[in-house]
Amino acid sequence: MNRQINSNSNQQPEEFTRVRIPQKSANEILGTVESILGANKLRVRCMDGVVRLTRIPGKIKKRIWIREGDVIIIVPWSFQNEKADIIWKYTPPQANWLERKGF
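Residues numbered from 1 in each chain as written. Predicted model: local features only at pLDDT ≥ 70, side-chain atom pairs only at ≥ 80, totals over all residues. Heavy atoms only, no water.

- The name given to the protein chain in an unreviewed UniProt entry is Translation initiation factor 1A, with the source organism recorded as Candidatus Methanoperedens nitratireducens.
- Within the UniProt record for the protein chain, the comment given under Function (unreviewed entry) is "Seems to be required for maximal rate of protein biosynthesis. Enhances ribosome dissociation into subunits and stabilizes the binding of the initiator Met-tRNA(I) to 40 S ribosomal subunits."
- Its UniProt record gives the protein chain a comment under Sequence similarities (unreviewed entry), which states: "Belongs to the eIF-1A family." (UniProt positions renumbered as here; feature names shortened; annotations may be inferred.)

**Remarks on the side chain of E28**
- Of note, E28 is situated in the segment before β1 (29–38).
- You can call E28 buried: its relative accessible area is 7%.
- A polar contact is formed between the side chain of E28 and the side chain of R20, at a distance of 3.0 Å.
- Reaching out from E28, the side chain makes a polar contact with the backbone nitrogen of Q23 at a distance of 3.0 Å.
- In contact with E28, not counting residues within four places along its chain, are R20, I21, P22, Q23, I73, I74, V75 and I87. (Helix = DSSP H or I, 4+ residues; strand = E, 2+ residues; numbered from the N terminus. Buried < 20%, exposed > 50% of the residue type's maximum accessible area, 1.4 Å probe, protein only. Polar contact = N/O pair within 3.5 Å; in protein donor to acceptor, adjacent residues only side chain to side chain. Contact = heavy atoms within 4.5 Å.)

Set out below in C-alpha cells:
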C-alpha cells in the first residue's frame, strides 16, 4: 500500500487561457447575483445597471450551485427585458481573470 505524495501542492494555480466571454450578438450580459428568491429564481444586478429577475433553467439547476455574489452570464427575454435566463456561471479564478481584464 504505497501512496504517492503529490508534489504539485506547492505550485501556483494555473492561469486560465480560455474564459467564456458574453457575446453581444447573442444579447448576453454579465451580472452578479444579489439575492436568492427561491423556486429557481434569483435577483441579478447586470452590467447595464438593470436589476433583473432571473430563473435557473433545469439544465443548469441539476449541475451547478449558484450563490449570492457569483458572477454569471444571462440572456434577457426578448418580450420582457426585466426578466432573464441564466446560461453560464464563472468559477472564482475565472471571475478574477474577468476583473483583471476589465469586464
